[in-house]
Amino acid sequence: MAEGEQGWTLFLMLICICVTLGNVIPIGYAFGVVNAPSEVGPVIYPLTQPLNSALQFINAWVRESGKSRYSVSFSDTQLTLMLSVIVSLFLIGGLIGSLCATPINSRLGRRGCLLLTSLLMIVAALCQLFCKSLNSIELLMLGRLIGGFAAALVYAVQPMFLVELAPAELSGSVGVFTCIGITGGIVVGQIFSFDFVFGNEQQWPLALAGGGIFVIMGLVPLVFFPESPRHLIHKDQPEAAKKALMRLRGDEARVNAEIAEIEVAEKNEGSLTMKQVLSDKRYTLPVFLISSYHFVQQMSGINAIWFYSVGIFSSAGFSMEVATWLNFMEGTLNFVLAVLAPVLMAYFNRRLLMMLSCIGSALFLTLLAVGLKLMDYQQEFSYACIVFLSLYIKFFNLALGPMPYFIGAELCESSSRPAAMALGSLFNWIANIILSMCFPILNSAIGPLSFLPSSVFCVCGFLITCRYLPETRKREIKDVAPLIENGFRSKVK
């Protein structure tokens, strides 16, 4: 470890784990619980997967609830639309939450905002838990909407909270906990939605609400964690900020130096609103980079990829049951690679990882699209598609998966950081919605070649990185900010 670097402490690791457990895993869980495939035929809804064990019973319940409560018999098309709305409301809530993240963050602080999201997630879980017993489709919809709103706040605040608590040299390592939590939550959600767990006719509300367990587990320790020192300085509480840093660092000399640095930054600009950030040319390039990476991450096809995964394994000769478990293993691989990301971020430069991630993802998405097309004529291509799928997941997790969540904390000073990261979260949800609407249409029109546009977005991510992203690893924000303050005329160093 270089001189002056502190590295990990037990307390910082505990904070990262508990915040990830209580605030991020429930988001991944909300995606995973409605996206685990089964043998039931396909239905078009966001992320376009076959109905899983939980969703097929929700489907039946919505039909029955319509008859018993409203005396309405839904047609198959209406039922599909209703289910699509139920799942889509999570994304709509996310879009709304992204727009509200900056004022809530500024008012409540990082920890206060995460405490609010925990409460909102508990409310969302309760709505989904009791919707069946109260025979209320509206309650289920409300639960999905509130859950999406809370998720957007987490996307905007959680990476910032961890980065501001950690020493500068660990900003990348703590930033990837967002990706770890989401991929881990997806895996847990898939497990809970299996028919032998909660994905059955009697217990599907437990499957939907299961993420609340993790929220409660993370909520209790979160109350005792320190608030972000940067937020405390902004609220003119220097003594509280020093006390928080002493709990984190334990070195008074280092704490005094950090406090002085934060106070200088705060006196220069204070806290900026989203409108101020968008209108100031100094932040044009940082906002562009943060928003572009969030947009490319979702448009790269990581969610849509699971539409074909079970079919690939089935075509290779595996039974549907085995194919489903292999699909689950691919999801687990996604999580394991995310867990390794802190090591990569500690030892390899951001630019190198992002360029490799984008170009590798583009390459194997293209090969997967071609392989899936050829699989119609030659079944043996299914084995190559399994390889392409696994390699795509590996390259995605090099940087496209984790970096969008924390790169804003390495590009923006504390004054513009909340607004810039909220904008990144907004573009993440916009891309998610666009993909959920466009992928089914493309898939119906051109089949597996629908992955080719995702490859193009990955190439765009590569070009953006080459031209505009400065190296941020082992650099102070005060040294990075001047490199990108001239907008698109800035020169990468």
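So, here is what we can say about the structure in this document.

Calculation criteria
- Residues numbered from 1 in each chain as written.
- Predicted model: local features only at pLDDT ≥ 70, side-chain atom pairs only at ≥ 80, totals over all residues.
- Heavy atoms only, no water.
- Helix = DSSP H or I, 4+ residues; strand = E, 2+ residues; numbered from the N terminus.
- Rg over C-alpha atoms; globule rule 2.2 N^0.38 Å.
- Buried < 20%, exposed > 50% of the residue type's maximum accessible area, 1.4 Å probe, protein only.
- Contact = heavy atoms within 4.5 Å.
- Lys, Arg positive; Asp, Glu negative; His and termini not counted.
- Charge placed at Lys NZ, Arg CZ, Asp CG, Glu CD.
- Phe/Tyr/Trp six-rings, centres within 6.5 Å; stacked < 30°, edge-to-face > 60°.
- Expected span 1.5 Å × (residues − 1).
- Arc of directions from axis to C-beta.
- Patch = residues over 30% accessible without salt bridge, like charges linked within 9 Å, V, L, I, M, F, W, Y side chains within 5 Å.
- Areas by Shrake-Rupley, 256 points an atom, 1.4 Å probe, with all protein chains shown as cover.
- Salt bridge = Lys/Arg side-chain N within 4 Å of Asp/Glu carboxyl O.
- Axes fitted to C-alpha atoms, helices over the stretch in contact; angles between N-to-C directions.
- Parallel < 35°, antiparallel > 145°, perpendicular 65-115°, else oblique.
- Nonpolar A, V, L, I, M, F, W, Y, C, P; charged D, E, K, R; others polar.
- Polar contact = N/O pair within 3.5 Å; in protein donor to acceptor, adjacent residues only side chain to side chain.

Our focus in this paragraph is the overall build of the chain. Helix and strand content of the chain: 22 helices and 0 strands. Its C-alpha radius of gyration of 22 Å places the chain within 12% of the 23 Å reference for a compact globule of 493 residues. Structurally, the chain occupies a C-alpha span of about 65 × 50 × 40 Å along its principal axes. When burial is assessed residue by residue, the chain has 59% of its 493 residues classed as buried. In the chain, of all internal contacts separated by at least 6 residues, the share reaching a separation of at least 24 is 79%. Looking at the chain, you have 32 positive and 31 negative side-chain charges, and the mean spots of the two groups are 6 Å apart.

The subject of this paragraph is the packing of aromatic side chains. For the structure shown, the criterion picks out 25 aromatic pairs. Where Phe-288 meets Tyr-468, the ring centres are 6.1 Å apart and the plane angle is 85°; that geometry is what we call edge-to-face. Of the two residues, Phe-288 sits in helix α13 (residues 284-299) while Tyr-468 sits in helix α21 (residues 452-468), which places them 180 residues apart along the sequence. We classify Phe-288 as partly exposed; its relative accessible area is 27%. Using a relative accessible area of 19% as the deciding quantity, one classes Tyr-468 as buried. Ring geometry for Trp-325 against Phe-328: centres 5.7 Å apart, planes inclined by 90°, an arrangement best described as edge-to-face. You can see Trp-325 and its partner Phe-328 sitting in helix α15 (residues 320-339), 3 residues apart, about one turn around the helix.

Before going further, it helps to examine helix α10 (residues 238-249). Here α10 contains 12 residues, and its C-alpha end-to-end distance of 16 Å stays within 8% of the 16 Å for a straight helix at 1.5 Å per residue. Restricting attention to buried positions, one finds in α10 the residues Ala-241, Ala-244, Leu-245, Leu-248 and Arg-249. Buried residues along α10 cover an arc of 120° about the axis, so they all sit on one side. Of the exposed residues in α10, the ones pointing more than 90 degrees away from its buried face are Glu-239 and Lys-243.

With that settled, consider a nonpolar patch on the surface. Side chains of Val-343, Tyr-347, Phe-348, Leu-352 and Leu-356 sit close together on the surface and give an oily, nonpolar patch of about 500 Å² of accessible area. Those elements that provide at least two residues to the nonpolar patch are α16 (341-347) and α17 (350-374). Take Leu-356: it is sitting in helix α17.

This brings us to the packing of α13 against helix α19 (residues 403-411). Packed helices, taken two at a time, are described by the angle their axes make and the gap between the axes. Interaxial distance between α13 and α19 falls to 9 Å at its minimum, and their mutual angle equals 175°. Of the possible angle classes, the one that applies to α13 and α19 is roughly antiparallel. Between α13 and α19, the residues in contact are Pro-286, Leu-289, Ile-290, Tyr-293, His-294 and Gln-297 and Pro-404, Tyr-405, Ile-407, Gly-408 and Leu-411, respectively. Its residues placed into classes, the contact of α13 with α19 shows 8 nonpolar, 3 polar and no charged.

Once that is clear, we can look at the side chain of Glu-471. For Glu-471, the position within the fold is in the loop between α21 and α22 (477-480). Reaching out from Glu-471, the side chain makes a polar contact with the backbone nitrogen of Arg-351 at a distance of 3.1 Å. For Glu-471, the side chain forms a polar contact with the main-chain nitrogen of Arg-473, separated by 3.0 Å.

Along the chain, Arg-111 turns up in helix α3 (residues 76-130). Using a relative accessible area of 24% as the deciding quantity, one classes Arg-111 as partly exposed. When residues no more than four places from it in sequence are discounted, the contact partners of Arg-111 are Phe-161, Leu-222, Val-223, Phe-225, Pro-226 and Glu-227. Here the side chain of Arg-111 touches Phe-225 through a polar contact of 2.7 Å, landing on its backbone oxygen.

Our next topic: the pattern of salt bridges. Summed over all chains, the structure comprises 8 salt bridges. Between Glu-164 and Arg-417 there is a salt bridge, and its shortest N-O distance comes to 2.8 Å. Placement of Glu-164 in helix α4 (residues 137-165) and of Arg-417 in helix α20 (residues 417-446) is noted, with a sequence separation of 253 residues between them. A relative accessible area of 6% means that Glu-164 is categorised as buried. Owing to a relative accessible area of 1%, Arg-417 belongs among the buried residues under this scheme.

Here we take up the packing of helix α1 (residues 10-32) against α3. Between α1 and α3, the shortest axis-to-axis distance is 15 Å and the interhelical angle comes to 170°. Accordingly, the angle class assigned to the pair α1 and α3 is roughly antiparallel. Only Phe-90, Leu-91, Leu-114, Thr-117, Ser-118 and Met-121 of α3 make contact with α1, whose side of the interface consists of Val-19, Gly-22, Asn-23, Pro-26, Ile-27, Ala-30 and Phe-31. Looking at side-chain class alone, the contact of α1 with α3 contains 9 nonpolar, 4 polar and no charged residues.

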